[in-house]
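Understanding the architecture of this molecule
Each chain, letter by letter, is given below.
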Amino acid sequence: MSNFNGAQLSRLLAVFRRNALQAIPTVLGIIVLNFLLLEWVPGNAADVVAAESGGATAESLAQLQHHFGLHLSMGERLSNYLSHLAHFDLGMSARHNLPVTTLILDRLGNTLLLMGAALLLATLTGVVLGVLMSLYAGRWQDKLISVLVLLLYSTPTFWLGLTAIVLFAVTLGWLPTSGSHTIGAGLTGWDAVADKARHLLLPMLTTAGLYLAVFSRLTRAAMLEVSKQDFVRTARSKGLSPAVITVRHVLRNALIPVTTLIGMHFGALLGGATVIETVFNWPGLGSLVLESILARDYPVLLGILFCSSLLVIVVNMVVDLLQAALDPRIQVR
């Protein structure tokens, strides 16, 4: 058993090492591509400041451009950006006049809380519903759950969020309409945790709806496919109980495509945070992205894109490690 564990640990370390080496050029490519894309977008922070001040002379506009470093060539700005990034400096926000790192760290926790809770809820509930649908395939239970998840999948996220606000916050008054905490309440301890959970519930359920439907349908299909494999028939012939066969043999192998889809959808989940956080006024990175776009605050946008890319890469590395642990047949390429 110790040899097996040692060999498995060595294989997982090899998977991690491979992914880490692949991540380095990926991150560099993302950094350069994001910078170039934002450089090609019309407008800049100097134009926005000039417009908000009611106009500006050519001299004052030139001073603003010099202040924001826009008088330099694209190559010089890219070189300066990479140099600062190498020293873990994401620059200064033109809008807030604060370090970009400070702005991101102030919002990152709320976004990770919302996305993590929604993804966990969608995964657990989707897998459970998928297992039930596969066990009752073709029967009324399967058809009923299929209709419900199809409704979730076909409903736009923003409409689902607005409907949830009208029903549970405005009409019933059970939950708050927006924000991440009750302003001015001064709550501490468990009262603050409970208040945070109440504010989190609606955006979490809204975010989880679409992915719950996707994960449940995929789990059902994977369970039905795996249940036809030879090793499952062998397990049945050995007299193993249906519960053991379902959990240890069928579900374990069916989770591999589900974990793959989680890694693929995590980027979309972060991208959709802008809509959810705007609808519920949740103070996260998504709402900060919208503010930065309107203000042409490109240092903040670059910082958020950089951090989001790192999060997606880390999540996909974790997914690869999880798949290698679930299926010993997965080899290091």
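This one's a predicted model, so the numbers in the text were calculated from it and none came from an experiment.

**As for the overall build of the protein chain**
Each helix and strand counted, the protein chain has 13 helices and zero strands in total. Listing each helix as α and each strand as β along the protein chain from the N terminus yields α-α-α-α-α-α-α-α-α-α-α-α-α. Its C-alpha atoms put the protein chain at 85 × 55 × 40 Å along the principal axes. Going through the 333 residues of the protein chain one by one, you find that 38% of them count as buried. If you take every contact in the protein chain between residues at least 6 apart in sequence, the share linking residues at least 24 apart comes to 76%.

**Comments concerning the nonpolar core**
General note: in soluble globular proteins, nonpolar side chains tend to be found buried as a group. Counting 45 residues, the largest nonpolar core has Leu114 and Phe215 as its most contacted members. Contributing elements (two or more residues each) for this core: helix H5 (100-135), helix H6 (140-154), helix H7 (157-171), helix H8 (189-226), helix H9 (230-237), helix H10 (242-271), helix H11 (273-279) and helix H13 (298-326). Counting residues per element, this core draws most heavily on H8, which supplies 12 residues. Apart from the residues lying within four places of it in its own chain, the contact partners of Phe215 are Leu119, Ala122, Thr123, Gly126, Leu261 and Ile262. Ranked by size, the runner-up nonpolar core spans 25 residues in total, among them Ala23, Leu285, Ile304 and Met317.

**Some points on the packing of aromatic side chains**
Two numbers describe a pair of aromatic rings. These are the distance of the centres and the angle of the planes. As enumerated under the stated definition, the model contains two aromatic pairs in all. Where Phe35 meets Tyr81, the ring centres are 5.8 Å apart and the plane angle is 25°; that geometry is what we call stacked. Separated by 46 residues along the polypeptide, Phe35 in helix H1 (residues 2-39) and Tyr81 in helix H4 (residues 74-86) bring together distant segments of the chain. When its relative accessible area of 11% is taken as the criterion, Tyr81 is described as buried. For the ring pair Phe168 and Trp174, a centre distance of 6.2 Å and an interplane angle of 40° mean the geometry is tilted. The exposure class of Phe168 is partly exposed, given its relative accessible area of 30%.

**Some details on the confidence of the model for the protein chain**
Note that predicted coordinates carrying low pLDDT should not be read in detail. Of all residues in the protein chain, 92% attain a pLDDT of 70 or more, and the chain-wide mean is 81. Here helix H2 (residues 45-52) is the element of the protein chain with the lowest mean pLDDT, 70, and H5 is the one with the highest, 89.

**Quick notes on the packing of H5 against H6**
One way to put it is that H5 packs onto H6 with a least axis distance of 8 Å and a crossing angle of 145°. At the point where H5 passes H6, the crossing takes the left-handed sense. Contacts between H5 and H6 involve Leu129, Leu132 and Met133 from the former and Asp142, Ile145, Ser146 and Val149 from the latter. For the contact of H5 with H6, the class distribution of residues is five nonpolar, one polar and one charged.

**A closer look at the environment of Leu13**
With respect to the secondary-structure elements, Leu13 resides in helix H1. For Leu13, a relative accessible area of 47% gives the class partly exposed. Linking Leu13 and Leu321, residues 308 residues apart in sequence, is a C-alpha distance of 8.6 Å.

**Topic: the pattern of salt bridges**
Tallied over the entire structure, the rule returns two salt bridges. Across the pair Arg107 and Glu291 runs a salt bridge, and its minimum N-O distance is 3.6 Å. You can see Arg107 sitting in helix H5 and its partner Glu291 sitting in helix H12 (residues 285-295), a full 184 residues away along the chain. Given the relative accessible area of 18%, Arg107 is considered buried. The partner of Arg220 in a salt bridge is Asp142, with the nearest N and O atoms 2.8 Å apart.

Rules used throughout
- Residues numbered from 1 in each chain as written.
- Predicted model: local features only at pLDDT ≥ 70, side-chain atom pairs only at ≥ 80, totals over all residues.
- Heavy atoms only, no water.
- Helix = DSSP H or I, 4+ residues; strand = E, 2+ residues; numbered from the N terminus.
- Buried < 20%, exposed > 50% of the residue type's maximum accessible area, 1.4 Å probe, protein only.
- Contact = heavy atoms within 4.5 Å.
- Core = buried A, V, L, I, M, F, W, Y, C linked by side-chain atoms within 4.5 Å.
- Phe/Tyr/Trp six-rings, centres within 6.5 Å; stacked < 30°, edge-to-face > 60°.
- pLDDT = per-residue confidence, 0-100.
- Axes fitted to C-alpha atoms, helices over the stretch in contact; angles between N-to-C directions.
- Left-handed = near helix turned anticlockwise from the far one by under 90°.
- Nonpolar A, V, L, I, M, F, W, Y, C, P; charged D, E, K, R; others polar.
- Salt bridge = Lys/Arg side-chain N within 4 Å of Asp/Glu carboxyl O.

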